[in-house]
Amino acid sequence: MDSIVVKGNGALSGAIPIAGAKNACLTLMPATLLSDEPLTLTNAPRLSDIATMTQLLQSLGAEVASLQDGLVLAMSSHTITSHTADYDIVRKMRASILVLGPMLARDGHAIVSLPGGCAIGARPVDLHLKALEAMGADLDLRDGYVHAKAPGGRLKGAVFEFPFVSVGATENALMAATLAKGTTVLKTAAREPEIVDLARCLRKMGARIEGEGTSTIAIEGVDRLHGATHQVVADRIELGTYMLVPAICGGDIECLGGTIDLVGAFAERLDAAGVSVTQTNRGVKVSRKNGRVRAVDVTTAPYPGFPTDLQAQMMALLCTAEGTSVLEEKIFENRFMHAPELIRMGARIEVHGGHATVTGVPKLKGARVMATDLRASVSLILAALAAEGETVVSRVYHLDRGYERVEEKLRACGALIERVKAA
Ligand code: EPZ
């Protein structure tokens, strides 16, 4: 297994290009299953999760060509040749459940493996299933698979209120509703930029959708969707992650391609910590000059709140702040696994259930640490950039799921970082 070796060397400055959003691309790709005409995505990120979704779609009969060094995904699902999403692929990536709604909506049947738990929590898919049931789907859970059928071959419009916000369940229901008979209204829908991006793409394909970006989305089903070309929105989590580089190391970095409104609540916390954040005509510029950042409290929440996907990285910053910060994780029940690894680097953190209390130290120290999930792994890299001495982060395959060319992007700003290939 590869590892990443980082030597902390002070302030970092430069420009970092922000890729297309992993989590938008992972929901836009299954949208190809809704139409027999081609769907082309531009600004796709080059990540192992995208390769996994490609493999899943191909196993269902979709053609997926990766063009222009992976930046363009040309997909075509003329016919769905298999309606079964196999456990061997689904277990690798939970977003695989997003093929359920589209297949069921287009052909009236689908069999999709249940994803199972994962490192950050139990993560059930009951809300995905309840929304589809509200649209008339007959669901049968057998042998670890959801066997789904739409009576008469077509889902029907429904009013469905999610008991709480789920990004994935909103995406699955939204895609399914585009081809249902009649109008669907989704209440307490997720408002994430990835939902807005999906709705925009579906509309280009001929879907009739209103209200994306608010908590009520109305979808009037149509008989068929057609082909489209769509540019994937910028990755707000990659943006936030690189905004933390000058915050934690000092320096001045311009993230090319993002906008502050994608990360409003996060940018507000950075500002409160004493980090300067400004919008430029090329992206977002972040700088920190002298002294340590101030401690700030953070509570994760669905968009437009502080994203859970930036909690680990923010914790890395707060490990070096002046004062004590409290981080509250409200989305996933087990998302503090980076804390024991940061403690190995000299951080002072106490975790009690969903709260972590972080008392900043003047300097972290390099150590051997282990990545436990995607965002945890990059939080360790951020900590390592600011630490004294050398840090070796192992199990970096987690990182490759969601960050393309990390070493290259950071080296361009002066970081001493390299990947050591497993022997
Ligand atoms: C998406 O996951 C993202 N993944 C996650 O990003 C992100 O952390 C999460 O949204 C929250 O923002 C993708 O978009 C591919 P949810 P998702 O359904 O859709 C519970 C990353 O690092 N829940 O909004 O799976 C669930 O357990 C990843 O890039 C149910 O109980 O998240 C969680 O506690 C990790 N039943 C909460 O809701 C359900 O049926 C929110 O989950 C669905 C969810």
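About the cut-offs
- Residues numbered from 1 in each chain as written.
- Predicted model: local features only at pLDDT ≥ 70, side-chain atom pairs only at ≥ 80, totals over all residues.
- Heavy atoms only, no water.
- Pairing = 2+ DSSP bridges.
- Helix = DSSP H or I, 4+ residues; strand = E, 2+ residues; numbered from the N terminus.
- Contact = heavy atoms within 4.5 Å.
- Axes fitted to C-alpha atoms, helices over the stretch in contact; angles between N-to-C directions.
- Buried < 20%, exposed > 50% of the residue type's maximum accessible area, 1.4 Å probe, protein only.
- Phe/Tyr/Trp six-rings, centres within 6.5 Å; stacked < 30°, edge-to-face > 60°.
- 1 Å grid on protein atoms, 1.4 Å probe; cavity = no way out; pocket = protein on both sides within 12 Å on 5 of 7 lines; lining within 4 Å.
- Points joined across faces, edges and corners; volume = space filled by probe spheres on them.
- Nonpolar A, V, L, I, M, F, W, Y, C, P; charged D, E, K, R; others polar.
- Polar contact = N/O pair within 3.5 Å; in protein donor to acceptor, adjacent residues only side chain to side chain.
- Near = heavy atom within 4 Å.
- Areas by Shrake-Rupley, 256 points an atom, 1.4 Å probe, with all protein chains shown as cover.

**Q** Tell me about the sheet that holds strand 8 (residues 138–142), and please be specific about residues and values.
**A** Spatial ordering of the open sheet is given by 6-7-9-8, a layout of four strands whose pairing is mixed. The sheet terminates laterally at strand 6 (84–85) and strand 8, the two strands that pair on one side only. Of the pairings in the sheet, the one linking strand 7 (residues 109–113) to strand 9 (residues 145–149) comprises five bridges and is antiparallel in character. Note on strand 9: the bridge partner recorded for Ile-111 is His-147. Its contacts with the sheet put helix 4 (residues 100–107) on strand 7 and strand 9, and the angle it makes with strand 7 is roughly 165°.

**Q** A description of the sheet that holds strand 18 (residues 298–299) should follow, citing residues and the corresponding values.
**A** On the basis of which strands lie adjacent, the open sheet formed by four strands has the order 18-19-21-20 and mixed pairing. With partners counted over all chains shown, the strands left at the sheet margins are strand 18 and strand 20 (348–352), one partner each. Sheet topology places strand 20 next to strand 21 (residues 355–359); five bridges connect them, and they run antiparallel. Counterpart to Glu-350 in the pairing with strand 21 is Thr-357. The sheet contacts of helix 10 (residues 311–318) involve strand 18, strand 19 (324–328), strand 20 and strand 21, and relative to strand 19 the element is tilted by about 170°.

**Q** Break down the pairing of strand 17 (residues 283–288) for me, citing the residues and quoting the values.
**A** Counting buried positions over the six residues of strand 17 gives five, a clear majority of the element. The sheet contact formed by strand 15 (residues 251–256) and strand 17 spans six bridges and is antiparallel. What sits directly across from Asp-252, in strand 17, is Ser-287. Bridge count between strand 16 (residues 276–279) and strand 17: four bridges; the pairing is antiparallel. Within the sheet, the bridge partner assigned to Gln-279 lies in strand 17 and is Val-284. Two successive antiparallel strands, strand 16 and strand 17, enclose a turn made up of three residues.

**Q** Tell me what's going on with unusual backbone geometry, and back it up with residues and numbers.
**A** In most cases, non-glycine residues show a negative phi, while peptide bonds are predominantly trans. Cis geometry marks the peptide bond from Tyr-303 to Pro-304, where omega comes out at 10°. Although it is not a glycine, Arg-395 sits at a positive phi angle of roughly 60°. By the element assignment, Arg-395 lies in the loop between strand 23 (390–394) and helix 13 (397–400). Judged by relative accessible area, Arg-395 falls into the partly exposed class, the value being 34%.

**Q** How would you sum up the packing of aromatic side chains? Please name residues and give values.
**A** Per the stated rule, a full pass over the model turns up two aromatic pairs. Ring centres of Phe-160 and Phe-162 lie 4.9 Å apart, and the angle between their planes is 85°; on these two criteria the pair is classed as edge-to-face. Taking the relative accessible area as the measure of exposure, Phe-160 reaches 12% and is therefore buried.

**Q** How would you summarise the layout of surface pockets if you had to cite specific residues and measurements?
**A** Taken as a whole, the second largest pocket spans an internal volume of roughly 180 Å³. Along the wall of the second largest pocket there are 13 residues; nearest its centre are Ile-248, Arg-288, Pro-362, Lys-363 and Ala-386. At the level of secondary structure, the elements contributing two or more residues to the lining of the second largest pocket comprise helix 8 (236–249) and helix 12 (374–386). Looking at side-chain class alone, the lining of the second largest pocket contains seven nonpolar, three polar and three charged residues.

**Q** Quick rundown of the side chain of Thr-308? Include the residues and the values.
**A** Along the chain, Thr-308 turns up in the loop between strand 18 and helix 10. Among the polar contacts listed, one links the side chain of Thr-308 to the side chain of Arg-335, at a separation of 2.8 Å. Beyond its immediate stretch of four places on either side in the chain, Thr-308 contacts Thr-300, Glu-329, Ile-331, Phe-332 and Arg-335.

**Q** So, the site of the ligand: which residues are in play, and what are the values?
**A** Every one of the 21 residues lining the ligand counts as a neighbour, but Asp-126, Ser-166, Asp-309, Ile-331 and Arg-375 are closest to it. Pro-124 is positioned such that a nitrogen or oxygen atom in its backbone is 3.2 Å from a nitrogen atom of the ligand. Here an oxygen atom of the ligand sits 2.6 Å away from a polar atom, N or O, in the side chain of Asp-309. Calculation on the ligand without its partners gives an accessible area of 840 Å², and the protein chains cover 86% of this total. Residue assignment for the shell around the ligand shows that the elements contributing at least two residues are helix 1 (22–28), helix 5 (126–134), helix 6 (167–178) and helix 12. Of all the elements, helix 5 adds the most residues to the shell around the ligand, at three residues. Class assignment for the residues of the shell around the ligand results in 10 nonpolar, five polar and six charged.

Everything listed here is a matter of geometry and, on its own, says nothing about what the molecule does.
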